[in-house]
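Spelled out from the first residue to the last, the chains are:
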Amino acid sequence: MKARWVLSAALLALCGCTAVDKLTGMGVVSQRVSASDHVTVIDVSPNALYDPGSARDTPLRLGARWASDAPQSVTLVLSYESTVSSDAPTVQSFDTLQISIDGQVSSFPSGKPSDLSSGFSNAVSHTIRTSSRGEVLIPYALLRRMVTAKDCWLRVIGGDYQDAKFSADHLPDGKPTAIVSIREFMTKVDAARASGSGTPQRAG
């Protein structure tokens, strides 16, 4: 009975973490159709990644975007958000993404210049909220391999580099990571592809 109560409490805690993430805009899956060209676009906002070598959560996050006019590809959206002292602002540029799937490494360049921005957030503590984003186009089949791999790591290179274990479902505190929200994203993408939404629309 006690074991069942502990399991129920753990499940409630995980559900609570997921709900909080959704409220803060992390790992949210959305779908829309363009009125002009009828292209279906499915997004998942960036969510947390696990770095076993870091004492704290990594500020690196991962999301994705798929569009029916290019159904065989998917855009990975990289986000780096951090709160730092005003005398030492930190942003991450995104030049290359390396993906290691069960030891096999592939490299992909960032599709466009990194979007770097920062905003003053606290006049008392002199903290600055920094944010940077980048996008990498990969085959959709590769994303499927990433999600089903036994061991998948990401290395973001841009000046310096940062590693994250994509195949980890949860952070040490139980919070779900990007792979969980990307699975939800792929369920919607696969449904759109199966229904024919993955077929580009013909003009006229």
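Note that the coordinates shown come from a computational prediction; the quantities given were computed from them, not determined experimentally.

> Explain the side chain of S45 residue by residue, including any values.
Relative to the assigned elements, S45 resides in strand β2 (residues 40-48). Separated by 2.6 Å, the side chain of S45 and the backbone oxygen of G25 make a polar contact. Of note is the side chain of S45, whose polar atom sits 2.8 Å from the backbone nitrogen of V28. The residues touching S45, leaving out its near neighbours within four places in the chain, are G25, M26, G27, V28, L62 and G63.

> Describe unusual backbone geometry, and please don't skip the residues or the numbers.
The backbone of H38 shows a phi angle near 60 degrees, a positive value even though the residue is not glycine. Mapping H38 onto the fold places it in the loop between β1 (29-33) and β2. Judged by its relative accessible area of 48%, H38 is partly exposed. Of note in this structure, D102 is not a glycine but carries a positive phi near 50 degrees.

> Quick rundown of the sheet that holds strand β5 (residues 96-101)? Include the residues and the values.
Judged by pairing direction, the sheet is antiparallel, and its four strands sit side by side in the order β6-β5-β9-β10 without closing on themselves. Strands at the two margins of the open sheet, each flanked by one partner only, are β6 (104-109) and β10 (160-165). The average undirected angle you get between the axes of adjacent strands in this sheet is 20 degrees. Pairing of β5 with strand β9 (residues 152-158) involves six bridges; the strand directions are antiparallel. Opposite T96, over in β9, you have I157 as the bridge partner. Across the sheet, helix α2 (residues 140-148) is in contact with β5, β6 and β9; its angle to β5 comes to roughly 55 degrees.

Definitions and cut-offs
Residues numbered from 1 in each chain as written. Predicted model: local features only at pLDDT ≥ 70, side-chain atom pairs only at ≥ 80, totals over all residues. Heavy atoms only, no water. Helix = DSSP H or I, 4+ residues; strand = E, 2+ residues; numbered from the N terminus. Polar contact = N/O pair within 3.5 Å; in protein donor to acceptor, adjacent residues only side chain to side chain. Contact = heavy atoms within 4.5 Å. Buried < 20%, exposed > 50% of the residue type's maximum accessible area, 1.4 Å probe, protein only. Pairing = 2+ DSSP bridges. Axes fitted to C-alpha atoms, helices over the stretch in contact; angles between N-to-C directions.

By themselves, these observations are geometric and do not establish any function.
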